[in-house]
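Here is how the chains run, residue by residue.
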Amino acid sequence: MSKKLFVLLIILMSLSLIGIISIQAYYINDSVQNEKERFKSNVVTVLNNVSNTIEENEFEKYFSEYLSLDKEKKADEDAVSQLLIYRKNNSTKETLIYRSNVLEENYKLSSSLFDIGLDSLDITNIIGNSSTEIYKDLESTDRDLKSPISKIIRSGTIDEAQKLTFKKNFKEVFKRKPVHKRVSESEVRALLSERLKKYGINIDFEFAIYGNDLATKVRSENFEYEANSTFGVPIFYDENNRSLYRLLLNFPDDRKFILSTVIGMVLLSVVFTSVIILAYGSALMQLVKQRKISEIKTDFINNMTHEFKTPIATINLALDAIRNPKVIEDKDKVMRYLSMIKEENKRMHAQVENVLRISKLEKNELNISKDRVDLHDLVEDALTHVELIVEDRQGYIKTFLDAEQSSVLANETHFTNVIVNMLDNAIKYSPDAPKIEVYTENVGNNILLKVKDHGSGMSKAAAKRVFEKFYREHTGNIHNVKGHGLGLAYVKRIVEDHQGHVSVESEKDKGSTFIIKLPLIS
């Protein structure tokens, strides 16, 4: 995959993820706003209901008391309207006469009924009466001389007309009465609580009745007016359908309540979005990792090709030399060339073994049996594998094997290879003559093995990745240090298989110290 295509894929995936998150956020916000509107609508409905109920309860109370009173003084009696119906049935010779009158009675009542500080109050009472008379063989001139064969008389107040008249007078008078004498704080609280529960709003609330934007005595203890969060409706309308009072309501925890109604959807959305983000992040990491692995493998193939190129060229030159008739008769030269072929063949075989070892470790196919061994013996054995190379480069390896206890449970062959790889690494990354020290010491129930060099060292970034398979610190196309990035990966896997730990301390141009920590056995 080309770099441009790789970057394009990442950009497209990122834009898609941002789009999904944006859509989720939009729908969550839209749901919250809808829930806020529904909550607001329900609260306003409750307030209007409570306001109407308070007014109706007050009116019905005083209207009932008014109806139960004897009239104190009759002012006059006037007919407001009169209806007369005269109908004759020729087949039955019966005549029906229907009369209906609406009368208005005005009274003066003591204002003590309403407790408004006036001496008396004018009240209008509307009365309706009607009569139905049926005569036999009646002529229009003699109906007063005959008795009707049927007569029905009805009389009484006209409830709705009377009620409307009383309500208008009532509103006109009671607008002067202090609001705390018209309704109590407990009554308002009880009505609000009951109505709110019907709409599923079971949270704490605070309320108050304000008149001309000033607080009255009817209010809850912790009510605080906030323009943005307080709901209000008019209450106690006067005879002109205007109101000086407002019933106000707010909720300290309304946000929590609104969010609680959509929290299920929000949580599911967050969970699914998180899964998408994690999946995207994981996929992106895998893409980046695979790209790095691809680059590392390409580098590995280049290095392996370079490593094999020299031995193969050497072997070909040696074989060509042996074919020379003059050389083939010289046994010393033949033996020398055969020795060269063998050594180069061993080098290639060792590289192949490294690759196969790592492959088997990855598949857990490498059978590692462990026995009781002395770590100091393994160190001495490993030194014999590299001492000629160190001497050839005019360097040295000094040992400081100070650990008093050095018995560990290990596989002799593999752990010897581990130490050899660490020493080989120290030699390769020493541009000048290798100067290497090997230390051992006891720390608690463990033994530490340290291999220290004074070579080129490495950066902190490289130190974090040096034990990764195929990893080599980037040096461009310069192959001044041979290798494939497999040796230290092998070291790490073997040490961990021995329940140990390996780490490195390094500074650029000042050398590196590799430290292996292994558990001791008694």
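Parameters at a glance
Residues numbered from 1 in each chain as written. Predicted model: local features only at pLDDT ≥ 70, side-chain atom pairs only at ≥ 80, totals over all residues. Heavy atoms only, no water. Axes fitted to C-alpha atoms, helices over the stretch in contact; angles between N-to-C directions. Helix = DSSP H or I, 4+ residues; strand = E, 2+ residues; numbered from the N terminus. Parallel < 35°, antiparallel > 145°, perpendicular 65-115°, else oblique. Left-handed = near helix turned anticlockwise from the far one by under 90°. Contact = heavy atoms within 4.5 Å. Pairing = 2+ DSSP bridges. Expected span 1.5 Å × (residues − 1). Buried < 20%, exposed > 50% of the residue type's maximum accessible area, 1.4 Å probe, protein only. Arc of directions from axis to C-beta. Salt bridge = Lys/Arg side-chain N within 4 Å of Asp/Glu carboxyl O. Nonpolar A, V, L, I, M, F, W, Y, C, P; charged D, E, K, R; others polar.

Section: the packing of helix α7 (residues 375-392) against helix α8 (residues 412-428)
Relative orientation of the contacting elements α7 and α8 amounts to 40°, with a least axis distance of 9 Å. The pairing of α7 with α8 is recorded here as oblique in orientation. Handedness of the crossing formed by α7 with α8: right-handed. Along its contact with α7, which presents Leu375, Leu378, Val379, Asp381, Ala382, Leu383, His385, Val386, Ile389 and Val390, the element α8 presents Glu412, Phe415, Thr416, Ile419, Val420, Leu423 and Ile427.

Looking at the sheet that holds strand β12 (residues 435-443)
One open sheet accounts for five strands, arranged β10-β12-β13-β15-β14; its pairing is mixed. The strands lining the two open edges of the sheet, one partner per strand, are β10 (396-401) and β14 (501-507). Between one strand axis and the next, the sheet turns by 15° as a mean value, whatever way the strands run. In the sheet, β10 pairs with β12 via six bridges, with the strands oriented parallel. Considered in β12, the bridge of Phe400 is made with Tyr439. Contacts from helix α10 (residues 487-497) reach β14 and β15 (511-519), with the element oriented near 140° to β14.

A short note on helix α3 (residues 185-198)
For α3, spanning 14 residues, the distance from its first C-alpha to its last is 20 Å, which sits close to the expected 20 Å at 1.5 Å a residue. Of all the residues in α3, the buried ones are Val188, Leu191, Leu192, Arg195 and Leu196. For α3, the buried positions fall inside an angular range of 125° around the axis, keeping them on one side. Of the exposed residues in α3, those oriented more than 90 degrees away from the buried face are Lys197 and Lys198. Remark: Gly200 follows α3 within two positions and exhibits a positive phi of approximately 75°.

A closer look at the pattern of salt bridges
What the rule picks out here adds up to 11 salt bridges. Linked through salt bridges whose partners overlap, the residues forming this network are Glu194, Arg195 and Lys198.

Digging into the sheet that holds strand β7 (residues 231-237)
If you walk across this open sheet you meet the four strands as β6-β5-β8-β7, and the pairing is antiparallel. Either end of the sheet is taken by a strand with one partner, and the two such strands are β6 (214-219) and β7. Put simply, the sheet's adjacent strands are angled 35° from each other on average, direction ignored. As paired elements, β7 and strand β8 (residues 243-250) share six bridges and run antiparallel to each other. Within β8, the position partnered with Tyr237 by the bridge is Ser243. Contacts between α3 and the sheet are confined to β5 (206-211), β6 and β8, with β5 contributing the most and set at about 125° to the helix.

Overview of the packing of α8 against α10
At a closest axis distance of 9 Å, the pairing of α8 and α10 adopts a crossing angle of 145°. In the crossing of α8 with α10, the sense of the turn from one axis to the other is left-handed. The residues of α10 that touch α8, namely those facing His414, Phe415, Asn417, Val418, Asn421, Met422 and Asn425, are Gly487, Leu488, Tyr490, Val491, Ile494 and Val495. Taken together, the residues that form the contact of α8 with α10 break down as eight nonpolar, five polar and no charged.

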